[in-house]
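# Structural overview
Chain by chain, the residues:
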Amino acid sequence: MKRHYLSLWLLLLCAFALFAIASAFEMPTVAGHQLKSSGIADALLGTNVDDALSIYAEAQDSTAAIADTASNAVPTFPMPCDTASQTIMLIGDSMLEGLGPRLAAYAEHNGHTLYTVMWYSSTSEIWGRSDKLKSYIERLEPSYIVICLGANELLVSDIARKREKYVRKILSDIDTIPYLWIGPPNWRRDTGINELIAKNTPKGTFFLSDGMQFERSKDGAHPTRPSAAAWLDSVMRWMPANALHPIRMARPEKGSAKAKRIFVHQPDER
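## A word on the pairing of strand β3 (residues 87–92)
Counting buried positions along β3 gives 5 out of 6 residues, so the element sits mostly inside the fold. Sheet analysis places β3 next to strand β4 (residues 113–119), joined by 6 bridges and oriented parallel. Bridge pairing in β4 places Leu 90 opposite Thr 116. Since β3 and β4 lie parallel, the crossover through helix α4 (residues 96–109) that links them has a hand, and here it is right-handed. Sheet topology places β3 next to strand β5 (residues 144–148); 5 bridges connect them, and they run parallel. Along β5, the bridge assignment pairs Ile 88 with Tyr 144.

What follows is the structure in structure tokens.
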């Protein structure tokens, strides 16, 4: 409501400035009658047309500045849920083995289409150095992207200096497509990968998994399939009230499903 009144005041301000400028010029003759100036320019601005134009320009600049501020305003949560059917692209490392089937069940239940792109042993650096993400975006035309990366970077030293440019490259490739980055399921304290991702993503686009309890497979890192499914359920429960771009994700009765297509890449690919 406040923004509505602000827009009205800005409109009136610009209209008044235009009217004042027009009154500063010589009035035309219409049907033999000389139109008279309103005198507003003389009364308020004098007869200096340059001053009038300057004031009008300032009014335009103020309008643009306020509009820019409004467009960059901090969003108020919860955000409206996009109930349209989505083409979802899930990308990441081997954690997708557990997350993918459960996300496919959500997609199937809610009328979405899911594509999974799993790159074994991948990191933000591997994705950032590659054009695979951009290529898949052009090929699949996703309307929503889910990322799960960082598990292979828990112990990287000086990670901000080494990996920030790659995190930013990933986000640059995604551009304006709504997305959600699911943080790694830490099995030990990391050296800053979660902080790095959170720093570079807007509020509501990063789900922090660190601190959650998982049942682990024999390697001690990957959550078991049931635990991974519960992990994805937690993300979907978090989404409605906390995501910047929530989409329709009602919980399915079915435990798992298959993505429309799964693309797999090996560690030595570039």
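## Comments concerning the nonpolar core
The biggest cluster of nonpolar side chains holds 31 residues, and the ones touching the most others in it are Leu 103, Leu 114, Ile 182, Trp 231, Met 236, Met 239 and Met 249. Within the residue set of this core, elements represented by two or more residues are β3, α4, β4, β5, β6 (179–182) and α9 (225–242). Of the residues forming this core, the biggest block, 7 residues, is contributed by α4.

## Considerations on helix α8 (residues 193–200)
Taken together, the buried positions of α8 are Ile 193, Asn 194, Leu 196, Ile 197 and Asn 200. Each buried residue of α8 sits inside an arc of 160° when the element is viewed along its axis, so together they form one side. Among the exposed residues of α8, those oriented more than 90 degrees off its buried face are Glu 195 and Lys 199. Packed against the buried residues of α8 are α7 (159–174), β6 and β7 (206–207).

## Some thoughts on the side chain of Asp 93
Within the secondary structure, Asp 93 sits in the loop between β3 and α4. Excluding residues within four positions of it along the chain, Asp 93 makes contact with Met 118, Trp 119, Ser 122, Cys 148, Leu 149, Gly 150, Ala 151 and Asn 152.

## So, the pairing of β6
Along β6, one buried face is formed by Tyr 179 and Trp 181 and the opposite face, lined by Leu 180 and Ile 182, is buried too. As judged from the 4 bridges shared by β5 and β6, these two strands associate in the parallel manner. The residue of β6 that forms the bridge with Ile 147 is Trp 181. The β-α-β motif built from β5, the intervening α7 and the parallel element β6 has right-handed crossover chirality. Across 2 bridges, β6 lies against β7 in parallel orientation. The partner of Ile 182 across the bridge, within β7, is Phe 207.

## Comments concerning the environment of Cys 148
Examined against the element boundaries, Cys 148 turns out to sit in strand β5. A relative accessible area of 1% places Cys 148 in the buried class. C-alpha separation for the pair Cys 148 and Ser 94, spaced 54 residues apart in sequence, amounts to 9.0 Å. Ignoring sequence-local partners within four residues, the contact set of Cys 148 consists of Ile 91, Gly 92, Asp 93, Met 95, Leu 96, Leu 99, Ile 182 and Trp 231.

## Some points on the packing of α4 against α9
The contact between α4 and α9 brings their axes to 8 Å, and the two run at 55°. What the angle tells us is that α4 and α9 run oblique. When the axes of α4 and α9 are compared, the crossing they make is right-handed. Between α4 and α9, the contacting residues are Glu 97, Gly 98, Leu 99, Pro 101, Arg 102, Leu 103 and Tyr 106 on the first element and Arg 225, Ala 228, Ala 229, Trp 231, Leu 232, Asp 233 and Met 236 on the second. A class-by-class count of the residues in the contact of α4 with α9 yields 9 nonpolar, 1 polar and 4 charged.

## Some details on the packing of aromatic side chains
Taken as a whole and assessed by the stated rule, the structure comprises 4 aromatic pairs. Geometry around Trp 119 places Lys 132 over its ring, the cationic atom sitting 4.6 Å from the centre.

## Here's the deal with the sheet that holds β3
The strand order across the open sheet built from 6 strands is β7-β6-β5-β3-β4-β8, with neighbouring strands paired in parallel fashion. The two strands at the open ends of the sheet, each matched to only one other strand, are β7 and β8 (261–265). The sheet contacts of α4 involve β3, β4, β5 and β6, and relative to β4 the element is tilted by about 175°. Where α9 meets the sheet, its contacts fall on β5, β6 and β7, and the angle it forms with β6 comes to roughly 135°.

What counts, and at which threshold
Residues numbered from 1 in each chain as written. Predicted model: local features only at pLDDT ≥ 70, side-chain atom pairs only at ≥ 80, totals over all residues. Heavy atoms only, no water. Buried < 20%, exposed > 50% of the residue type's maximum accessible area, 1.4 Å probe, protein only. Helix = DSSP H or I, 4+ residues; strand = E, 2+ residues; numbered from the N terminus. Pairing = 2+ DSSP bridges. Right-handed = clockwise from strand over helix to strand, strands pointing away. Core = buried A, V, L, I, M, F, W, Y, C linked by side-chain atoms within 4.5 Å. Arc of directions from axis to C-beta. Contact = heavy atoms within 4.5 Å. Axes fitted to C-alpha atoms, helices over the stretch in contact; angles between N-to-C directions. Parallel < 35°, antiparallel > 145°, perpendicular 65-115°, else oblique. Left-handed = near helix turned anticlockwise from the far one by under 90°. Nonpolar A, V, L, I, M, F, W, Y, C, P; charged D, E, K, R; others polar. Phe/Tyr/Trp six-rings, centres within 6.5 Å; stacked < 30°, edge-to-face > 60°. Lys NZ or Arg CZ within 6 Å of the ring centre and 35° of its normal.

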